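# A closer look at the structure
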Amino acid sequence: MEKSISVFIVDDEPRALETLSKSLTSFFTNVEIVGTANTIIDAFNGINQTKPQLVFLDIEMGSENGFQLLEKFDSIQFHVAFVTAHEEFALKAIKFSALDYIIKPPAISDLKAVLVKLENKEGRIEENLKVKQMFGNFLTPDKSEHKITVAIADGYDFIKVSDILYLLADGSYTVFQLKNQQKITTSKSLKFYESVLDSYGFFRIHNSTFINIKYIKRISKSAGGSVIMEDNCEFSISKTRKDEFLELLALK
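Residues numbered from 1 in each chain as written. Predicted model: local features only at pLDDT ≥ 70, side-chain atom pairs only at ≥ 80, totals over all residues. Heavy atoms only, no water.

### Let's talk about the sheet that holds strand β1 (residues 5–10)
- What the 5 strands build is an open sheet, ordered β2-β1-β3-β6-β7; its pairing is parallel. In this open sheet, the two strands that pair with only one neighbour each are β2 (31–37) and β7 (100–103). On average, each strand axis in the sheet is tilted by 25° relative to the strand beside it, whichever way the strands run.
- For strand β3 (residues 54–58) and strand β6 (residues 79–84), the ladder comprises 5 bridges, and the chain directions are parallel. Within β6, the residue paired with V55 across the bridge is V80. (Pairing = 2+ DSSP bridges. Helix = DSSP H or I, 4+ residues; strand = E, 2+ residues; numbered from the N terminus. Axes fitted to C-alpha atoms, helices over the stretch in contact; angles between N-to-C directions.)

### Section: the pattern of salt bridges
- Within this structure, the stated rule accounts for 8 salt bridges.
- For E18, the salt bridge is made with K22, and the minimal N-O distance between the two is 3.1 Å. Of the two residues, E18 and K22 both sit in helix α1 (residues 14–27), 4 residues apart, roughly one turn of that helix.
- The exposure class assigned to K22 is partly exposed, which follows from its relative accessible area of 48%.
- Where salt bridges share partners, they join D11, E13, D58 and K104 into one cluster. (Salt bridge = Lys/Arg side-chain N within 4 Å of Asp/Glu carboxyl O. Buried < 20%, exposed > 50% of the residue type's maximum accessible area, 1.4 Å probe, protein only.)

### Brief notes about helix α7 (residues 190–197)
- All buried positions along α7 are accounted for by L190, F192, Y193, V196 and L197. When α7 is viewed along its axis, its buried side chains cluster within an angular range of 155° and face the same direction. (Arc of directions from axis to C-beta.)

### What to know about the packing of aromatic side chains
- For the structure shown, the criterion picks out 10 aromatic pairs.
- Here the aromatic rings of F73 and F78 are separated by 5.2 Å at their centres, their planes lie at 75°, and the arrangement is edge-to-face.
- On the basis of relative accessibility, which here comes to 13%, the residue F73 falls in the buried class.
- Clustering of aromatic rings is evident, with ring pairs tying together F44, F73 and F78.
- The ring of F44 is capped by K72, whose NZ or CZ atom sits 5.9 Å from the centre of that ring. (Phe/Tyr/Trp six-rings, centres within 6.5 Å; stacked < 30°, edge-to-face > 60°. Lys NZ or Arg CZ within 6 Å of the ring centre and 35° of its normal.)

### Describing the pairing of strand β10 (residues 164–170)
- Here β10 pairs with strand β11 (residues 173–178) via 6 bridges, running antiparallel. Residue I164 lies in a different strand from β11, and its bridge partner there is L178.
- As paired strands, β10 and strand β14 (residues 209–212) are joined by 3 bridges and run antiparallel to one another. Within β14, the residue paired with Y166 across the bridge is I211.

### Quick notes on α1
- With 14 residues, α1 extends 20 Å between its outermost C-alpha atoms, agreeing within 8% with the 20 Å of an ideal straight helix rising 1.5 Å per residue.
- Of all the positions in α1, only A16, L17, L20, S21, S23 and L24 are classed as buried. Buried residues of α1, seen end-on, are gathered within an arc of 160° and therefore sit on one face of the element. The outward face of α1, more than 90 degrees from its buried face, is lined by the exposed residues P14, R15 and S26. (Expected span 1.5 Å × (residues − 1).)

### A word on the nonpolar core
- Grouped together as the largest cluster of nonpolar side chains are 27 residues, with contacts concentrated most on L69, L70 and F82.
- The set of elements that each furnish at least two residues to this core consists of β1, α2 (40–50), β3, α3 (66–71), β6, α4 (89–96) and α6 (124–139).
- Other than its neighbours up to four places away in sequence, F82 contacts L57, I59, F67, L70, I94, L99, D100, Y101, I102 and M134.
- Within the second largest apolar cluster, 18 residues are counted, among which are I148, I164, I184 and Y193. (Core = buried A, V, L, I, M, F, W, Y, C linked by side-chain atoms within 4.5 Å. Contact = heavy atoms within 4.5 Å.)

See below:
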């Protein structure tokens with residue numbers, strides 16, 4: 001017999017709450033909705049009472065937001081999937097911490113991805129750490145102290161952004177090269193990391209190369225242009241990105 005996944009939904013919009021509830025119960029036989037709430041206090045009480053495995057949490061709820069709910073818990077003993085109507089600053093922070101999110105209206109494929117992840121039973125300790133790391137980034141104005149959460153084969157690495165020399169595309173995977181010569185490979189694409197690190201002083205000089213500008217050692221004009229990083233690795237600059245790159249460095 002298929003074991004059900006207990007789900008709690010938090011959303012201040014009745015129609016959005018109903019749509020998500022119907023999608024879950026209509027398309028997934030292993031889902032049991034144990035409760036819903038449209039305010040932070042009702043959600044906090046309901047989650048403590050029902051102890052769900054998965055909480056779908058709306059980010060913007062009138063004058064409240066989903067982060068205020070998470071702050072009330074001493075530890076996160078459930079899997080969190082944020083729900084939002086559009087791309088926004090908060091969503092970048094969620095991506096940065098490798099937390100799950102769903103764009104309204106929810107696509108069945110996105111819901112399935114979250115449920116499959118839960119069936120594979122990611123550890124609660126990791127979920128708790130990811131949420132704490134997200135709040136740590138929010139509360140730290142110094143971006144050099146921010147840490148990005150990177151999914152690896154057997155869990156997650158929390159990497160300080162200032163320790164990243166560059167990122168390289170390896171097919172659909174991404175390889176992080178760190179200052180300490182460590183390499184970390186993750187299944188997320190380079191395009192994904194470009195979207196979350198673009199405001200941290202990184203620049204994509206080539207389809208396969210995304211560099212931390214502060215670790216450039218030298219720029220060479222030979223062979224169409226290239227950069228030499230502090231670890232002495234050299235990378236070509238794409239012709240289509242060269243002008244923008246030089247303008248960024250105020251070299252044009």
